[in-house]
Amino acid sequence: MKIIICGICGKMGQNLLELLSTDGAEVICGVDICQNSKFGVPVYKSFEEIKERADVIIDFSSPAALKSEMEWATEHNIPVVLATTGYSSEQLDYIDECAKKIPVFKTANFSLGVNLLVNLVKMTAEALGENFDIEIIEKHHSRKADAPSGTALMLAEGANSAFGDKKEYLKGRDGIVGKRGKEIGIHAVRGGTIVGEHEVMFAGGDEIITISHSARSKKVFAAGAVKAAKWIVGKPAGKYDMTDILKNL
């Protein structure tokens, strides 16, 4: 399998390179605004410069790369694994449009454990119903750009699906907020080198249920992205996520 890494100079790009060096797949080139020759493969500033033929793109860059990446991928009929978060609503609509032409794998978190957590949160919300308030706390390193995390929103959507998606998301509280309404609270913590921690709290009368996940290394996300890349090659056009992989485990 021949892979292009978008965001190859970043920490996740380097994690992918390290993992793929022993995986049997081949990284044929990278795309990054940073030009660095130490990776042993060509690194281009834009997709238009790419000369190599690839089987799949793995993107751990930023939303800014989306349009040129997807235009190039649709032109060359190459599947894309999107591991970036922080997309605008317009960009999410654009991804949906592109998925009508090529296979697109998109998830806010490539950890198998996190995606199992989403399912557990949904099941718990369905079982407990309106008798329990739901609060989500996510913690990440000090350099993370977006808040709340895409994973926290995934967890909120999983819980909210038990209520017909009718609950509002309250992203942090400040001042005199008054009595709690029909909401799911989402709170972001940023500090140090925290890789990623997510906790979903169900608070009811005289009892609290907490479901949590802690990532100890970014390698878990790289491994999930590689698994997704191997899985999506050869699939028809469409939008896929980790639930499609979980079905086959």
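What follows covers the pattern of salt bridges. Any two side chains of opposite charge can pair, given that their charged atoms come close. Per the stated rule, a full pass over the model turns up twelve salt bridges. Here Lys67 makes a salt bridge to Glu71, at a shortest N to O gap of 2.4 Å. A residue pair is termed a helical-turn pair when its members lie 3 or 4 positions apart in one helix, as Lys67 and Glu71 do in helix H2 (residues 66-76) at four residues. Its relative accessible area of 37% is what places Glu71 among the partly exposed residues.

Counting 33 residues, the largest nonpolar core has Ile5, Ile8, Leu16, Ile58, Val81, Phe105 and Phe110 as the members making the most contacts within it. The set of elements that each furnish at least two residues to this core consists of strand S1 (2-6), helix H1 (11-20), strand S4 (56-59), helix H6 (219-232) and helix H7 (242-246). Examining the composition of this core, we find that eight residues originate from one element, H6, more than from any other. Other than its neighbours up to four places away in sequence, Leu16 contacts Ile5, Ile58, Phe60, Ala222, Ala225 and Val226.

A few words now on the layout of surface pockets. Computed from the structure, the largest pocket encloses a volume of approximately 1300 Å³. Contributing to the lining of the largest pocket are 42 residues, with Met12, Phe60, Ser61, His141 and Lys218 lying nearest its centre. Residue composition of the lining of the largest pocket, by class: 18 nonpolar, 17 polar and seven charged. Approximately 680 Å³ is the volume found for the second largest pocket. Taken together, 25 residues line the second largest pocket, and the ones lying closest to its centre are Lys106, Ala108, Gly150, Met154 and Glu157. Mapped onto the lining of the second largest pocket, the elements with two or more residues apiece are helix H4 (112-128), helix H5 (150-160) and strand S12 (238-240). In terms of residues, the lining of the second largest pocket owes the most to one element, H5, which gives five residues. Along the lines of polarity and charge, the residues of the lining of the second largest pocket split into nine nonpolar, ten polar and six charged.

Parameters at a glance
- Residues numbered from 1 in each chain as written.
- Predicted model: local features only at pLDDT ≥ 70, side-chain atom pairs only at ≥ 80, totals over all residues.
- Heavy atoms only, no water.
- Salt bridge = Lys/Arg side-chain N within 4 Å of Asp/Glu carboxyl O.
- Helix = DSSP H or I, 4+ residues; strand = E, 2+ residues; numbered from the N terminus.
- Buried < 20%, exposed > 50% of the residue type's maximum accessible area, 1.4 Å probe, protein only.
- Core = buried A, V, L, I, M, F, W, Y, C linked by side-chain atoms within 4.5 Å.
- Contact = heavy atoms within 4.5 Å.
- 1 Å grid on protein atoms, 1.4 Å probe; cavity = no way out; pocket = protein on both sides within 12 Å on 5 of 7 lines; lining within 4 Å.
- Points joined across faces, edges and corners; volume = space filled by probe spheres on them.
- Nonpolar A, V, L, I, M, F, W, Y, C, P; charged D, E, K, R; others polar.

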